[in-house]
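Here is what each chain is made of, one letter per residue.
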Amino acid sequence: MSLPPLVEPAAELTVDEVRRYSRHLIIPDVGMAGQKRLKNAKVLCVGAGGLGSPALMYLAAAGVGTLGIIDFDVVDESNLQRQIIHGQSDVGRLKAESAAASVREINPLVDVVIHNTALTTENVMEIFSGYDLIVDGTDNFATRYMVNDAAVLLGKPYVWGSIYRFDGQASVFWAEHGPCYRCLYPEPPPPGMVPSCAEGGVLGVLCASIGSIQVNEAIKLLTGIGDPLVGRLMIYDALEMKYRDVKVRKDPECVLCGKNPSVTQLLDDYEAFCGAISDEAAQAASGSTITALELKDMQDRGENIFLVDVREPNEYEIVSIPGATLIPKGEFLNGSALEKLPQDKKIVLHCKSGARSAEALAVVKDAGFADAVHVGGGVLSWVKSVDPSLPSY
Ligand SMILES: [Zn+2]
């Protein structure tokens, strides 16, 4: 399938631009017309993180005239292993600002627009409407569904990518010409089922593999060349070193882009739609959540507690709270953890951020440990408020 170019060409290229983009200009398929289209193009990158880093750098180098960057986060040391648009001296700086500075350094001819804000249901339509194409580098399901819904409602194409450990996926969703994200994934995964990169890790260079596919597809759509990744899902396995693509059909029953859509505007609350934690976990944690400082006080007072770390062994190796026994969450879900818990001590669970420990807490309370609690914010909160000399990850 080939599609017409998304963007009209700019009137002309300056002498500087001809020099800079000469290696594009001598490719017959791109040529002067293609480069002028890139110059006229407005592309928004959602997130200046793992995927956003390589995407923004190559979009800038390619000569995309207007590049929007939306991110509300600040650069953390643990980002630098893969978010190559940021450097050591950017730690603590707003990601959108840091990324914009790198873009300007790569190509001062790019007009950079900084959206230093979280993408919300209040601002997404207005922000998206200023761009021809969206590159989605988000890492959570709530934002992903919101990006999809806004793009479909506005009739805009977007290039999607996702990464986890050694596995990557990419596709172009454009409801006018093919499926949307909801055609592929009608329902968000159950809370706690799909670990995030923060929980499961990601090979840094995987971001480049998937981010470069996204830029490749963005350039093809903007200039109307080649066979775009519409209606196909690219799946990359870095360990096997295999790329394969599978067909994704438009679902005629899709609630958003199907024949009789029931979703005709943005949802009120995408976090609730995707459920940060399950209802059982939320119920168990309600009134049974302590802070890291409260845990420290309990330890200092010598209270009779049994502290359980429900993360994975490799996470425990990176940093752990003194006195914690490692029993991964999986053992709670299959029930085998329960026999390891003493009956005569108060059970205190923790994980990295508090989500997994809330899931485990539901199991523990169900098994009769009525006074069990978990630590809100987990290890991250312990490092921040109790012992900042420990590494965060
Ligand atoms: Zn759809």
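Refer to the structure presented above.
Below: a short report on this structure. (Residues numbered from 1 in each chain as written. Predicted model: local features only at pLDDT ≥ 70, side-chain atom pairs only at ≥ 80, totals over all residues. Heavy atoms only, no water.)

1. Notes on the side chain of E17
The criterion, for reference: A run of H or I in DSSP becomes a helix once it reaches four residues, and a run of E becomes a strand once it reaches two; helices and strands are each numbered from the N terminus. The contact criterion used throughout is that any non-hydrogen atoms of two residues lie within 4.5 Å.
Checked against the element boundaries, E17 lands in helix α1 (residues 15-20). Apart from the residues within four sequence positions on either side, E17 is in contact with E12, K39 and L109.

2. Some words on the environment of R182
Spelled out, the test is: Polar contacts here mean pairs of N or O atoms no more than 3.5 Å apart (in protein, one a potential hydrogen donor and the other a potential acceptor; neighbouring residues in sequence count only if both atoms are side-chain atoms).
Counting through the fold element by element, R182 comes out in helix α8 (residues 181-184). Separated by 91 residues in the primary sequence, R182 and V91 place their C-alpha atoms 36 Å from one another. Side chain to side chain, R182 and D149 meet in a polar contact 2.6 Å long.

3. Considerations on unusual backbone geometry
Rules: In this scheme, a residue with accessible area under 20% of its type's maximum is buried, one over 50% is exposed, and one in between is partly exposed, where area comes from a 1.4 Å probe on protein chains only.
Phi angles above zero are rare outside glycine, and R165 is one such case at about 55°. Tracing the sequence through the fold places R165 in the loop between β5 (158-164) and β6 (167-173). Residue classification places R165 among the partly exposed positions, given a relative accessible area of 37%. Positive phi values are uncommon outside glycine, yet M241 reaches one of about 55°.

4. What to know about empty space enclosed by the protein
A probe as big as a water molecule, rolled over the atoms, marks out the empty space that is left. Counted only if it meets this: Cavities and pockets are defined on a 1 Å grid built over the protein atoms alone: a cavity is a set of grid points where a 1.4 Å probe fits but cannot escape, while a pocket is an open set with protein on both sides within 12 Å along at least five of seven lines, and lining residues are those with an atom within 4 Å of any such point. Grid points are joined across faces, edges and corners, and a volume is the space filled by probe spheres set on the points. All residues other than Ala, Val, Leu, Ile, Met, Phe, Trp, Tyr, Cys, Pro, Asp, Glu, Lys and Arg, Gly among them, are scored as polar; the first ten of these are nonpolar and the last four charged.
Applying the stated criterion across every chain yields a total of one cavity of 30 Å³ or more. Considered as a void within the structure, the largest cavity measures approximately 30 Å³ in volume. Lining the largest cavity are L3, P4, K220, L221, G224, I225, G226 and P228. Each residue belonging to the lining of the largest cavity can be placed in one class, and the counts come to five nonpolar, two polar and one charged.

5. Some words on the packing of helix α13 (residues 292-300) against helix α17 (residues 378-385)
A pair of packed helices is characterised by two quantities: the angle between their axes and the separation of those axes. Worth spelling out the cut-off: Fitted lines through C-alpha atoms serve as axes, helices being fitted only where they are in contact, and the angles separating the N-to-C directions of these axes extend from 0 to 180 degrees. An angle below 35 degrees is treated as roughly parallel, one above 145 as roughly antiparallel, one from 65 to 115 as roughly perpendicular, and anything else as oblique.
Running from N to C, α13 and α17 cross one another at 75°; their axes reach a closest spacing of 8 Å. With respect to their mutual orientation, α13 and α17 come out roughly perpendicular. Contact residues: A292, L293, L295, K296 and Q299 in α13; S381, W382 and S385 in α17. Here the contact of α13 with α17 is built from residues that sort into four nonpolar, three polar and one charged.

6. So, the nonpolar core
The line we're drawing: For our purposes a nonpolar core is just a set of buried Ala, Val, Leu, Ile, Met, Phe, Trp, Tyr and Cys residues, chained together by side-chain atoms within 4.5 Å.
Residues L56, L67, I69 and V103 are the most contacted members of the largest nonpolar core, which totals 45 residues. Considering every element that reaches this core, the biggest residue donor is helix α10 (residues 206-223), with nine residues. Excluding residues within four positions of it along the chain, L56 makes contact with C45, A48, L67, G68, I69, I85, A99 and V103. Counting residues in hydrophobic clusters, the runner-up holds 25 residues, among them I134, M146, V147 and Y181.

7. A short note on the pattern of salt bridges
Put simply, the rule reads: Any Lys or Arg side-chain nitrogen located within 4 Å of an Asp or Glu carboxyl oxygen qualifies as a salt bridge.
Per the stated rule, a full pass over the model turns up 13 salt bridges. Residues R232 and D245 are paired through a salt bridge, measuring 2.9 Å at the closest nitrogen-oxygen approach. Note that R232 is positioned in strand β7 (residues 232-237) and D245 in strand β8 (residues 242-247), a separation of 13 residues in sequence. Residues joined in a network through salt bridges with shared partners are D227, R232 and D245.

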